Amino acid sequence: KESDEDDSKVYSGSILALGELREFENSYMDQLNNYIKSLQRKVETLRIFTDSVKHKILESEASRFEYVSNPLNAFELMRRAHEDWPKWMTYLRAQEKDQDNQLSEIHKLLKRTPTAEDLQEASLGMYRIEHFYNLSSTDMSKGLLAGQQLETQMCASECLALAEYMFNKSEYRRAAQWYRLALHNIKEPTNKIALQIYKPHREELRKMFVISRLHEGALDNISDYLEEVNQDPEIPLLHLKPIPPATAIERRCRGEFPPRPQLVCRYNFTTTPFMRIAPLKEEEISKDPLMWLYHDVLYDSEIAHFINLTSEDLSQGYADNYTAPKNPDRVFQVKITDDDGGKMDKALVNRMTDISGLAMGNVSSLARANYGLGGYFQEHSDYKDPRIYPERISEGDSLITFLFYATDVPLGGATIFPAANLTIQPKKGSALFWYNLHNNWEPNPLTRHAVCPMIQGNRWIFTKSMLNYQQMFTKPCYK
Ligand SMILES: O=C(O)CCC(=O)C(=O)O
Ligand SMILES: [Fe+2]
């Protein structure tokens, strides 16, 4: 599907698109500032006229007669009224047209503003960050994310948007916290119009806090809830229902499991003749599934080339492109190309051959993916689930996966293999390579994997799978 007709594509779906939204805001602000400037010029011009007519308003008839009894005054008035007033009128009309044009330019920009769905998707991303990493809403609103202090804080409007999102999601405990944070962060605008635009109404927020609390609590506790609503958001809420225990994936994303034992680290000189000249730093990650991590296998120039895309180039990637059937969850935004797309593609394919010793023919396409706000890829396998795809044997299945990390990811965004007890944090330039299938081409469920929600960073990966039947003559049998 062409990306420009992909109406489910949202700004929040990739950092690339979000960057374009930021650029878009520049144009919006430019237009608005031009509008302000031209208003100012207009005011200054009109002041020239009003300043030139400095005389005071003459209330009484007698005083007016006295004024025009002076022939110089009378003549000046006559000339001005006849010659100048219509000219100023013409000026005002022209300005009005000019102003209309400016407004319609601003109006045009509005066509590209994020949709309600986009805001929902962004809220889901924020929800994931809060929920997966078990953050307190208060910390989050202060920019303290999983131990990392960002320089940014959240304002009342953003707290309110999240409160409403959580409320609609029936996440009433979180909703209550966010309503209280919105209340706490309100800065009363002094200007009437601003008050209308930045809507937070104290009374409404207080009500919604109590309603959220009642959704998960008893009416008998209402006096506590009424007290809580005025408290500092740092003070914990009372009478909370126990939270369901974290899932294995959530715990792994929080880093609750011990780091993997380092198996073997060495230079690989041997897979192909090329490697004797340019050995790769190889780290054996696991024996089951067979998995290696190679360091510094991508040049910075290659990475720059591969991610030199605009969001027009990307289409929305969903979980069901892989093995979760009919799952419409957005995962990332992706550009898929065939290997013969250019010299660089070929270079990358050759590198995969060097590393794996497998013939990486024109088998599966190369995918370049960019994650978005709170971007998350739920657990899946790269092989086809035989229960869902009985035809997988005849059609071939994904024997191996190559996963290139094109960027460092400071916070969140680990690739995890829950069943195999493995966590890999992306490191710019490294490549993860694993076998999805056993020697007999049966799927290895230990290769099921997920990507923890992104917290901070711009996560780019390149990935390519290879089908098993192409490898009959090259694939060595691993014990
Ligand atoms: O981004 C990652 O770390 C994994 C991507 C992935 O699992 C896939 O594309 O199938
Ligand atoms: Fe995958």
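Basis of the calculations
Residues numbered from 1 in each chain as written. Chains lettered and ligands numbered in written order. Predicted model: local features only at pLDDT ≥ 70, side-chain atom pairs only at ≥ 80, totals over all residues. Heavy atoms only, no water. Helix = DSSP H or I, 4+ residues; strand = E, 2+ residues; numbered from the N terminus. Buried < 20%, exposed > 50% of the residue type's maximum accessible area, 1.4 Å probe, protein only. Contact = heavy atoms within 4.5 Å. Areas by Shrake-Rupley, 256 points an atom, 1.4 Å probe, with all protein chains shown as cover. Salt bridge = Lys/Arg side-chain N within 4 Å of Asp/Glu carboxyl O. Donors = N, O, S within 2.8 Å, 3.2 Å for Na, K, Ca; no water. Near = heavy atom within 4 Å. Polar contact = N/O pair within 3.5 Å; in protein donor to acceptor, adjacent residues only side chain to side chain. Nonpolar A, V, L, I, M, F, W, Y, C, P; charged D, E, K, R; others polar. Disulfide = S-S within 2.5 Å. Pairing = 2+ DSSP bridges. Axes fitted to C-alpha atoms, helices over the stretch in contact; angles between N-to-C directions. Phe/Tyr/Trp six-rings, centres within 6.5 Å; stacked < 30°, edge-to-face > 60°. Lys NZ or Arg CZ within 6 Å of the ring centre and 35° of its normal. Patch = residues over 30% accessible without salt bridge, like charges linked within 9 Å, V, L, I, M, F, W, Y side chains within 5 Å. Core = buried A, V, L, I, M, F, W, Y, C linked by side-chain atoms within 4.5 Å. Domains from an automatic or database assignment.

Colleague: Would you take a moment to explain the overall build of the protein for this structure?
Modeller: Check the secondary structure of the protein and you find 15 helices and 17 strands. Expressed as a percentage of its 479 residues, the buried residues of the protein come to 42%. Residue pairs in contact within the protein that sit at least 24 positions apart in sequence constitute 72% of those at least 6 positions apart. Looking at the protein as shown, the accessible area adds up to about 26800 Å², and 56% of this sits on carbon and sulfur atoms.

Colleague: Just checking my understanding: could you explain the pattern of salt bridges for this structure?
Modeller: Where charged atoms from two side chains of opposite charge approach closely, those side chains can pair. Across all of its chains, the model carries 18 salt bridges by this definition. Here Glu 121 ties to Arg 330 by a salt bridge, and the two come within 3.0 Å at their closest N and O atoms. Of this pair, Glu 121 sits in helix 4 (residues 116-132) while Arg 330 sits in strand 7 (residues 330-337); the two residues are 209 residues apart in sequence, bridging distant segments of the chain. By the burial criterion, Glu 121 is buried, and Arg 330 matches it.

Colleague: I would appreciate a short explanation of the coordination of the iron ion (ligand 2) in the present structure.
Modeller: Ideal coordination angles are 109.5 degrees for a metal with four donors arranged tetrahedrally and 90 or 180 degrees for a metal with six donors arranged octahedrally. Looking at the iron ion (ligand 2), one finds its protein donor set to be His 380 (NE2), Asp 382 (OD) and His 449 (NE2), positioned 2.1 to 2.2 Å from the metal centre. When the donors of the iron ion (ligand 2) are listed by position in the chain, the intervening gaps give H-x1-D-x66-H.

Colleague: Any chance you could explain the site of ligand 1 here in plain terms?
Modeller: Near ligand 1 lie 12 residues; those nearest to it are Tyr 371, His 380, Thr 415, His 449 and Arg 459. Between ligand 1 and the protein, one listed contact pairs an oxygen atom with a side-chain N or O atom of Tyr 371 at 2.6 Å. Between ligand 1 and Arg 459 there is a distance of 2.6 Å, counted from an oxygen atom to a side-chain nitrogen or oxygen. Calculation on ligand 1 without its partners gives an accessible area of 300 Å², and the protein chains cover 99% of this total. At the level of secondary structure, the elements contributing two or more residues to the shell around ligand 1 comprise strand 9 (377-380), strand 15 (449-451) and strand 17 (460-467). Class assignment of the residues belonging to the shell around ligand 1 gives a composition of six nonpolar, four polar and two charged.

Colleague: Teacher, can you tell me more about the state of the cysteines here?
Modeller: Joining two cysteines, a disulfide is a covalent bond between their sulfur atoms. Counted under the stated rule, the structure contains one disulfide. Two residues, Cys 253 and Cys 452, share a disulfide whose sulfurs are 2.0 Å apart. On the S-S bond that ties Cys 253 to Cys 452, the torsion sits near -90 degrees, and the link is left-handed. Taken as a pair, Cys 253 in helix 11 (residues 248-253) and Cys 452 in the loop between strand 15 and strand 16 (454-456) lie far apart in primary sequence, 199 residues in all. A residue is classified by how much of its surface remains accessible, and Cys 253, at 12% relative accessible area, is buried. No disulfide involves Cys 155; its nearest neighbouring cysteine sulfur is the one of Cys 159, lying 7.8 Å away.

Colleague: Would you explain the sheet that holds strand 3 (residues 264-268) in this entry?
Modeller: What holds strands together in a sheet is hydrogen bonding between their backbones, with the strands either parallel or antiparallel. Read from one edge of the open sheet, nine strands run 3-4-5-14-10-17-8-7-6, paired in antiparallel fashion. Looking at the sheet topology across the chains shown, the edges are occupied by strand 3 and strand 6 (315-318). Adjacent strand axes in the sheet meet at a mean angle of 30 degrees when their direction is disregarded. Two elements, strand 4 (residues 280-286) and strand 5 (residues 291-295), share five bridges in a ladder whose sense is antiparallel. Pairing of Glu 283 across the sheet is with Leu 293, part of strand 5. On the sheet, helix 14 (residues 343-356) packs against strand 3, strand 4, strand 5, strand 7, strand 8 (366-370), strand 10 (398-405), strand 14 (431-435) and strand 17 and is oriented at approximately 115 degrees with respect to strand 10.

Colleague: Sorry, what's going on with the side chain of Glu 228 here?
Modeller: With respect to the element layout, Glu 228 can be found in helix 10 (residues 222-228). Polar side-chain contacts of Glu 228 include one of 2.8 Å to the side chain of Arg 213. Within the structure, the side chain of Glu 228 is placed 2.7 Å from the backbone nitrogen of Leu 238, a separation counted as a polar contact. With sequence-adjacent residues up to four places away left out, Glu 228 is seen in contact with Arg 180, Phe 209, Arg 213, Leu 237 and Leu 238.

Colleague: How should the sheet that holds strand 13 (residues 422-424) be read in this particular structure?
Modeller: If you trace the four strands from one edge of the open sheet to the other, you get 9-15-12-13, paired in antiparallel fashion. In this open sheet, the two edge strands, each paired with only one partner strand, are strand 9 and strand 13. Recorded for the sheet is a direction-independent mean angle of 15 degrees between the axes of neighbouring strands. Of the strand pairs in this sheet, strand 12 (residues 415-417) and strand 15 are connected by two bridges, and their pairing is antiparallel. Across the sheet, the residue bridging to Ile 416 is Ala 450, located in strand 15.

Colleague: Is there a simple way to think about the packing of aromatic side chains in this case?
Modeller: The geometry of an aromatic ring pair is captured by the separation of the ring centres together with the interplanar angle, meaning the angle of the planes. For the coordinates displayed, the defined rule picks out 14 aromatic pairs. Both rings, one in Phe 417 and one in Trp 434, keep their centres 5.0 Å apart while their planes meet at 85 degrees; by these two values the pair is edge-to-face. Residue Phe 417 is located in strand 12, and its partner Trp 434 is located in strand 14; the two are separated by 17 residues in the primary sequence. When sorted by exposure, Phe 417 lands in the same class as Trp 434, which is buried. We note Arg 112 situated over the ring of Phe 24; from NZ or CZ to the ring centre the distance is 4.3 Å. Here Lys 169 stacks its cationic end above the ring of Tyr 127, 4.7 Å away from the centre of that ring.

Colleague: How should I be thinking about the environment of Gly 396 in this particular structure?
Modeller: Its place among the elements puts Gly 396 in the loop between helix 15 (392-395) and strand 10. Residues Gly 396 and Lys 384 lie 12 residues apart in sequence; the distance between their C-alpha atoms is 9.3 Å.

Colleague: I would appreciate a short explanation of a nonpolar patch on the surface in the present structure.
Modeller: Taken together, the side chains of Phe 65, Val 68 and Leu 77 present a nonpolar region at the surface, about 250 Å² in accessible area. Checked against the element boundaries, Val 68 lands in helix 2 (residues 61-69). Val 68 sits in the partly exposed class, given a relative accessible area of 37%.

Colleague: Explain the nonpolar core to me, please; I cannot follow it from the model alone.
Modeller: Generally speaking, soluble globular proteins have nonpolar side chains that are buried together. Formed by 41 residues in total, the largest nonpolar core has its most connected members in Trp 178 and Tyr 179. Taken domain by domain, the makeup of this core includes at least three residues from each of domain 2 (135-228) and domain 3 (254-471). Leave out the neighbours within four places in its chain, and Trp 178 touches Glu 130, Ser 137, Met 140, Ser 141, Met 154, Cys 159, Leu 162, Ala 163 and Met 166. With 29 residues, the next largest nonpolar core counts Tyr 294, Met 352, Tyr 435 and Phe 462 among its residues.

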